[in-house]
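Coordinate inspection notes
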Amino acid sequence: MSRSQPVSPLVAENRGAEKPQDSRDDGLAISRTPKGALRLENAKTAASLSNTTVFHRLQELLHYLELGTSAANLAGALETARKQELSAAEFLEGLLRKEVEVAMARRMKSRARLANLPTSKTLQTFDFDFQPSIDRGVIAELSTLRFIEERRNVVLLGPPGVGKSHLAIALGLLALNAGYRVRFTSAAALVTNLQGNYERGTLLKRERQAITGPPLLIVDELGYLPLDQAAANWIFHVVSKRYERGSIIITSNRGFADWAQIFNDVVVATAIVDRLIHNATVINIRGKSYRMRNYLADQREDRPASVLNGPP
Ligand code: ADP
Ligand code: MG
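The rules behind the values
Residues numbered from 1 in each chain as written. Chains lettered and ligands numbered in written order. Predicted model: local features only at pLDDT ≥ 70, side-chain atom pairs only at ≥ 80, totals over all residues. Core = buried A, V, L, I, M, F, W, Y, C linked by C-beta atoms within 7 Å. Buried ≥ 20, exposed ≤ 12 C-beta atoms within 10 Å, placed from the backbone. Helix = DSSP H or I, 4+ residues; strand = E, 2+ residues; numbered from the N terminus. Contact = placed C-beta atoms within 7 Å. Expected span 1.5 Å × (residues − 1).

**Remarks on the nonpolar core**
In terms of nonpolar packing, the biggest core is built from 47 residues, with Leu156, Val191, Ile218, Val219, Ile235 and Ile249 touching the most fellow members. Residue contributions to this core peak at 8 residues, all from helix H8 (residues 164-177). Setting aside anything within four residues of it in sequence, one finds Val191 in contact with Leu227, Ala231, Trp234 and Ile235. Judged by nonpolar contacts, the second largest core, of 11 residues, contains Leu67, Ala71, Ala77 and Leu78.

Okay, here's the thing in structure tokens:
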């Protein structure tokens, strides 16, 4: 079957006026009623069917409707239906289910690309014993993703290495797998992108795609670098655009008390914090860096050893 011969609705209509095929043996056959509706009947084998024009017409219709997977699977699905003596409804369900599965996988792939998650982190690989200041109940509640439905924000605060980004990415991944559109960005990249788009005159498009569009926006590493006035205004812009419209997960190594310093402006900082925490879950992580755990463990193990061995 070639795509160079698309079926126009008009042609399909005319073809529908043809006499319906009647091949009512034991296998399946597809024919048309005089009004053009498709009718599935029995015929001996799918192989014999594939030679019939109705098979090709059906494939054309599937291509016209952009159901390429179904068109490709048609012969196989007919053969299965014949062997397993499936009803017309069962045959159609199987054919369309496969189409939907392929479409969903394609959409998932494209959502994952747009989400821009830097690595894959999960809650399962997070060692909560290492970080006792984190309330597992709060994380469990967040993992239901109700916060996205309620347009709640999540603020993860704490020193470097305590797992802020890990938790943000893990929640992002959960949301992605649940079918939400997600967008991950560092605070610095967010500001650079917005400024660049503003200068190019493409800000509105950018906002729709990345800022206001996704139900979950993850802004990582706010406060690692001090922000100038313009950057602070961009962060304010994002927070106010999304206020009560979509969730933000934000991570920062600085407590709220330091935000005036990050933004170099008390008024802007207060306005941002106000909107951000109006409806938010704030998680303050007080603990050791996970990156340093081996080093810290080595030190603990070294101590008794060095006592036993005495000074060199
Ligand atoms: P932060 O964003 O707070 O600076 P990260 O989330 O980037 O810290 O964590 C640093 C590294 O340590 C990452 O590879 C992360 O997966 C890992 N990590 C941090 N905390 C834990 C933890 N409690 N259990 C497992 N891995 C962790
Ligand atoms: Mg981080």
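Past the structure itself, the notes keep going.
**Here we look at the environment of Glu101**
Secondary-structure assignment places Glu101 in helix H5 (residues 88-115). For the pair Glu101 and Thr69, spaced 32 residues apart in sequence, the C-alpha separation works out to 9.8 Å.

**With respect to H5**
Each α-helix winds once per 3.6 residues, and so residues spaced three or four apart point in a common direction. In this model, H5 (28 residues) spans 40 Å end to end at C-alpha, consistent with the 40 Å of a helix rising 1.5 Å per residue. Those residues of H5 that sit buried are Leu95, Glu99 and Ala115. Looking at the buried residues of H5, the elements they touch are helix H4 (68-84), H8 and strand S4 (182-186). Following H5 by one or two positions, Asn116 has its phi on the positive side, about 65 degrees.

By themselves, these are just geometric observations and shouldn't be taken as functional.
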